[in-house]
Amino acid sequence: MDQLVRIAVQKSGRLSDDSLSLIKECGIKFYNGTGKLKSTSTNFPLEFLFLRDDDIPGYVADGVADIGIVGHNEVAEKAKEVVLLKKLGFSKCRLSLAIPKGTPYSSLSYFEGKSIATTYPNILGNFLKQHQIKAEIHEISGSVEIAPSIGLADGICDLVSSGSTLMMNGLKEVQEVFTSEAVLIGNPKLTDGKKTILDKLLFRINAVQTGKSNKYVLMNVPNSAIPKIIQLIPGMRSPTILPLAEEGWSSIHSVLSEEQFWENMDELRAAGAEGILVVPIEKMVI
Ligand code: ATP
Ligand code: ZN
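Residues numbered from 1 in each chain as written. Chains lettered and ligands numbered in written order. Predicted model: local features only at pLDDT ≥ 70, side-chain atom pairs only at ≥ 80, totals over all residues. Heavy atoms only, no water.

What about the site of ligand 1?
- Close contacts around ligand 1 come from 14 residues, with Gln10, Arg14, Asp53, Asp54 and Asn73 the closest.
- Here Asp53 contributes a side-chain N or O atom positioned 2.8 Å from an oxygen atom of ligand 1.
- Ser161 is positioned with one of its side-chain polar atoms (N or O) 2.8 Å from a nitrogen atom of ligand 1.
- For ligand 1, whose free accessible area comes to 630 Å², the fraction covered by protein is 77%.
- In terms of residue class, the shell around ligand 1 is built from four nonpolar, six polar and four charged.
- Mapping the shell around ligand 1 onto the domain boundaries places at least three of its residues in each of domain 1 (5-90 + 181-190) and domain 2 (93-180). (Near = heavy atom within 4 Å. Polar contact = N/O pair within 3.5 Å; in protein donor to acceptor, adjacent residues only side chain to side chain. Areas by Shrake-Rupley, 256 points an atom, 1.4 Å probe, with all protein chains shown as cover. Nonpolar A, V, L, I, M, F, W, Y, C, P; charged D, E, K, R; others polar. Domains from an automatic or database assignment.)

Here it is in structure tokens:
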């Protein structure tokens, strides 16, 4: 039966909260009590499997799960047969090469003949090959950042977001290898019934993402400034204009990307806009 789509999400870790928040923002309700490995939504045909992130690409490729939310880094490392459906914009990080702080470094050729500890041997291997560097890759399963100080390797290749963990371990980032964020992946051979459910989910995810990157903006303007202001804030189709109780003034409502808003802020004020309010949008369907 094709009544349900199974989604694999990380059980507990850096991806978990944002993955589940996104699903909730899509209006999908479910129960995830501590320790539960499986759960079914009460209002959408979605069943959850809570797994270790490393296992998600494999389970999706094998069809144990139909879709999954996982770091792009894991997808690239595992190289399983999955389809990348959507970049999700959270858990952004990069996989980088780092070496002890005091060591002089000028180019990637530094790594020629050196040893590098990592949990991402495939991504690193491909990167080194592409740059024609021959180095020894030490695959380890965790605490990569202590490898140089205990004499296990000359450098490391590990995930970095702020760089503070590297610094605390006396390392400096010298080369970015891969940039990552959370992605939605899917099994390449979903049945039509499951594809229909997936399309509904993707529609909702798009609405949430578009809403997040846009703002609802309201402002009071003297009527004489309306033509100028309309040019600055075009809106979805066109702005809404409502008369204020005070003669000669109107309230203009529009939808803008946050970037657009900041770019046009000075011009809006110069044109006479005042009492400008910027309100978040929960969902937006264009
Ligand atoms: P699991 O127990 O599920 O195997 P884990 O310890 O391997 O978890 P986490 O540390 O929770 O994994 O990281 C999961 C994902 O979060 C990473 O694969 C990566 O995509 C992303 N991430 C974002 N920022 C960072 C960071 N600073 N360090 C590590 N991973 C990060
Ligand atoms: Zn993991």
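Still more ground to cover, so stick around.
Overview of the nonpolar core
- By size, the foremost hydrophobic cluster in this structure holds 27 residues, and its most contacted members are Ile7, Ile69 and Leu184.
- Of all the elements in the fold, those that place two or more residues in this core are strand S1 (5-10), helix H1 (16-25), strand S3 (46-51), strand S4 (67-71), strand S11 (182-186) and helix H6 (192-212).
- For this core, the element with the highest residue contribution is H6, accounting for six residues.
- Core analysis: the next-biggest nonpolar cluster, separate from the first, contains 17 residues, Tyr110, Ile123, Ile133 and Val174 among them. (Core = buried A, V, L, I, M, F, W, Y, C linked by side-chain atoms within 4.5 Å. Buried < 20%, exposed > 50% of the residue type's maximum accessible area, 1.4 Å probe, protein only. Helix = DSSP H or I, 4+ residues; strand = E, 2+ residues; numbered from the N terminus.)

Topic: the domain arrangement of the chain
- One can read the domain layout of the chain as domain 1 (5-90 + 181-190), domain 2 (93-180) and domain 3 (214-280).
- With centres defined by C-alpha atoms, the gap from domain 1 to domain 2 works out at 28 Å.
- Counting from both sides, the interface comprises seven residues of domain 1 and, opposite them, eight residues of domain 2.
- Carbon and sulfur atoms make up 50% of the surface buried where domain 1 meets domain 2, a total of about 680 Å² over both sides.
- Of all residues in domain 1, the largest losses of buried area upon contact with domain 2 belong to Asn73, Glu77 and Glu181, amounting jointly to 75% of the total for that side. (Contact = heavy atoms within 4.5 Å. Buried area = accessible area lost by both parts, 1.4 Å probe.)

Thoughts on the packing of aromatic side chains
- Following the criterion strictly, the structure yields six aromatic pairs and no others.
- Where Phe48 meets Phe50, the ring centres are 6.1 Å apart and the plane angle is 5°; that geometry is what we call stacked.
- Since its relative accessible area comes to 0%, Phe48 is described here as buried.
- You can call Phe50 buried: its relative accessible area is 6%. (Phe/Tyr/Trp six-rings, centres within 6.5 Å; stacked < 30°, edge-to-face > 60°.)

So, the pairing of S11
- The element S11 is largely enclosed, with a buried count of five among its five residues.
- Across the two faces of S11 the burial is the same, with Ala182, Leu184 and Gly186 and Val183 and Ile185 all buried.
- In terms of strand pairing, S4 meets S11 through five bridges, oriented antiparallel. Among the inter-strand pairings, Val70 is bridged to a residue of S11, identified as Val183.
- The sheet contact formed by strand S5 (residues 83-87) and S11 spans four bridges and is antiparallel. In the strand pairing of S11, Val83 is matched with Gly186. (Pairing = 2+ DSSP bridges.)

Let's talk about the side chain of Asp53
- Structurally, the position occupied by Asp53 is in the loop between S3 and helix H2 (56-62).
- No salt bridge is formed by the buried Asp53. Its closest oppositely charged neighbour is Arg52, at 4.9 Å.
- Discounting residues that sit within four places of it in the chain, Asp53 has contacts with Gln10, Leu15, Val70 and Glu74. (Lys, Arg positive; Asp, Glu negative; His and termini not counted. Salt bridge = Lys/Arg side-chain N within 4 Å of Asp/Glu carboxyl O.)

Points about the environment of Val64
- Mapped onto the elements of the fold, Val64 is located in the loop between H2 and S4.
- Among the residues examined, Val64 registers a relative accessible area of 34% and is labelled partly exposed.
- Among all residues touching Val64, those that are not within four sequence positions of it are Arg6, Leu49 and Tyr59.

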